[in-house]
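Structure assessment
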Amino acid sequence: MLSMASYYEKMGEDSLYRAQLDDLLLNQKVEIPAKLNIMRQLIMRSERGDRDSTKIVGLFDSMLAQEQESADVAMLAAQYLLSKRMDEQAKPVLWKVLEIDPENKPAHLQLLSFAISKNDLDEVVRICTPAIEYMPEALEFYYYKGLAHYQKDQNDEALKVFEKGVRQVNEESDKTLVSDFYAIMGDIFHSKKMDAEAYAAYDSALVYKEDNIGVLNNYAYYLSVERRNLDKAEEMSYRTVKAEP
């Protein structure tokens, strides 16, 4: 079938070439790598020619209407749609990817990016919840889920998420992200009048990122209001003013 397609292409029989490719792409006996190579060739040809995305999208739709043994075709389709700035069309395809492969981190992150850009906090929680279950080591999903709860004034839920997240921290974790975990935990503890826990969280945040300006500022302020550890408060406040005058 591939040879026939190649023959029709060389003979300039465009309609027969396209028909042969359709038969290939929709044939369940053709292996996925071969289909992906064909689609990449068609995309390259389209970009060099009329750049008509409707034909490519139509082919992907036909392929995805069939049962998929892997998420590879759906992922290529999503990448193509994103490259064409067809974000709304890409969303259901990305969900299709996750239906086939729930541990596909790039698909989770792309959907999360859409939700964050629209400040859709409920959608952030909906995306992050299964992501945490399937990829418990991925700290970014704890962070954005906890932050969404925090922004919705659901402090108890946020605290549970952050506490669960910090248990996954290891030597390879992003130190800035971990610092922000502890920073928000400190703010939540302080709102609950749990000052000892708040200051412990702030100290942890500064261990991971000693120039976390938000932590230095809040920590200094709370200490000064309580008239305790004023030398430490003054030093931290000086650093924040110097960094952001």
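For the structure given in this document, a descriptive report is provided here. (Residues numbered from 1 in each chain as written. Predicted model: local features only at pLDDT ≥ 70, side-chain atom pairs only at ≥ 80, totals over all residues. Heavy atoms only, no water.)

**A word on the packing of aromatic side chains**
- Scanning the model with the defined rule gives ten aromatic pairs in all.
- Between Phe-162 and Phe-181, the ring centres sit 5.4 Å apart and the planes meet at 70 degrees, which makes this aromatic pair edge-to-face. Here Phe-162 is found in helix α10 (residues 155-166), whereas its partner Phe-181 is found in helix α11 (residues 175-191), with 19 residues between them in sequence. Residues Phe-162 and Phe-181 agree in their burial class; the two are buried.
- Grouping aromatic residues by their ring pairs yields a cluster made of Tyr-199, Tyr-202, Tyr-219, Tyr-221 and Tyr-222. (Phe/Tyr/Trp six-rings, centres within 6.5 Å; stacked < 30°, edge-to-face > 60°. Helix = DSSP H or I, 4+ residues; strand = E, 2+ residues; numbered from the N terminus. Buried < 20%, exposed > 50% of the residue type's maximum accessible area, 1.4 Å probe, protein only.)

**Some details on the packing of helix α7 (residues 105-117) against helix α9 (residues 139-151)**
- Viewed as axis vectors pointing N to C, α7 and α9 meet at an angle of 25 degrees, and their least axial separation amounts to 12 Å. Classified by the interaxial angle, the pair formed by α7 and α9 is roughly parallel. Between α7 and α9 lies a crossing of left-handed hand. Contacts between α7 and α9 involve Lys-105, His-108, Leu-109, Leu-112 and Ile-116 from the former and Glu-140, Phe-141 and Tyr-144 from the latter.
- Its residues assigned to classes, the contact of α7 with α9 shows five nonpolar, one polar and two charged. (Axes fitted to C-alpha atoms, helices over the stretch in contact; angles between N-to-C directions. Parallel < 35°, antiparallel > 145°, perpendicular 65-115°, else oblique. Left-handed = near helix turned anticlockwise from the far one by under 90°. Contact = heavy atoms within 4.5 Å. Nonpolar A, V, L, I, M, F, W, Y, C, P; charged D, E, K, R; others polar.)

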